[in-house]
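Each chain, written out:
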Amino acid sequence: MQKMPCLALATLVALPWAMAVQASDLHIKIIASTCLNCHGPGGHSLGAVPSLAGQDREHLRTAMLEQKSGARETTVMRKYMNGYKDEEIAQLAEYFSKLK
Ligand code: HEC
């Protein structure tokens, strides 16, 4: 009987945490899906736009932050990156670097 309240408490603490992790994964996946129109299916470009899949995480993150700040010349990317927080950019870099 002693263990029950602890278990209930652990569940109460862990559940919102697990849901938050899932929600943020989904949030990044949804954003990432909007990139594929230009960057190709699964992040593999079919044309002149660079591929994102499997690129170095730091390269992707730096490129996007520089596009956002204007330090890097862009045609379209600045407009996109302006819409995202630095934290989301870091998560997008992580996401695309892990794609095969
Ligand atoms: C409308 C087309 C379009 C969309 C949508 C788009 N991109 Fe791009 N992306 C480009 C183009 C074109 C370039 C080359 C730089 C430029 O001209 O802006 C580029 C360059 C990049 C680069 C630099 C790659 C390198 O190796 O130099 C990264 C990183 C990147 N995009 C990430 C993203 C992410 C992440 C998204 C989704 C949030 C996204 N892009 C959405 C067209 C697009």
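Relevant structure appears above.
All residue numbers here refer to positions counted from 1 along the written sequence of the relevant chain. For a predicted model such as this one, the threshold for reporting local features is a pLDDT of at least 70, and the threshold for listing and counting side-chain atom pairs is 80 or more; totals across whole chains, interfaces and linings nevertheless cover every residue. Remark: hydrogens and water are excluded; side-chain values derive from all non-hydrogen atoms of the structure.

S.K.: I tried to follow the site of the ligand on my own but got confused; where do I start?
M.R.: Here a residue is near a molecule or strand as soon as one of its heavy atoms is found within 4 Å of it. Within the structure, the ligand sits among 22 residues, and Cys35, Cys38, His39, Thr75 and Met77 are positioned closest to it. Two N or O atoms count as a polar contact when they lie within 3.5 Å, although within protein this holds only if one can serve as hydrogen donor and the other as acceptor, and sequence-adjacent residues are included solely when both atoms are side-chain atoms. In the environment of the ligand, an oxygen atom lies 3.2 Å from a nitrogen or oxygen atom belonging to the side chain of Gln55. One of the side-chain N or O atoms of Thr75 is found 2.5 Å from an oxygen atom in the ligand. Grid points spaced at 1 Å over the protein atoms alone were grouped into cavities, where a 1.4 Å probe fits but cannot get out, and pockets, open sets with protein on both sides within 12 Å along at least five of seven lines, with lining residues defined by an atom within 4 Å of a point. Whether a molecule lies in a cavity or pocket depends on its atoms, and more than half of them have to be within 2 Å of the grid points. Assessed atom by atom at 2 Å from the grid points, the ligand resides in the largest pocket. Counting residues per element, the ones that place at least two in the shell around the ligand are helix H1 (3-39), helix H2 (57-69) and helix H3 (77-81). Numbering of helices and strands runs from the N terminus; a helix is a DSSP stretch of H or I covering at least four residues, while a strand is a stretch of E covering at least two. Here the shell around the ligand takes five residues from H1, the largest share from any one element. Gly is put with the polar residues, along with every residue not named as nonpolar or charged; the nonpolar set is Ala, Val, Leu, Ile, Met, Phe, Trp, Tyr, Cys and Pro, and the charged set is Asp, Glu, Lys and Arg. The class makeup of the residues in the shell around the ligand is 14 nonpolar, seven polar and one charged.

S.K.: Could you clarify how one ought to interpret the pattern of salt bridges in this entry?
M.R.: Working definition: two side chains of opposite charge can pair if their charged atoms are close together. Salt bridge, as used here, is a side-chain nitrogen of Lys or Arg placed within 4 Å of a carboxyl oxygen of Asp or Glu. Using the criterion set out here, one finds five salt bridges in the structure. Close ionic contact of Glu94 with Arg57 constitutes a salt bridge, the shortest N to O distance being 3.5 Å. With Glu94 in helix H4 (residues 86-97) and Arg57 in helix H2, this pair connects stretches of sequence that are 37 residues apart. For Glu66, the salt bridge goes to Arg72, with nearest N and O atoms at 3.2 Å. Burial classification: accessible surface area is computed with a 1.4 Å probe over protein chains only, and a residue below 20% of its type maximum counts as buried, one above 50% as exposed, and the rest as partly exposed. Residue Glu66 is classed as partly exposed on the basis of its relative accessible area of 28%. Taking the relative accessible area as the measure of exposure, Arg72 reaches 31% and is therefore partly exposed.

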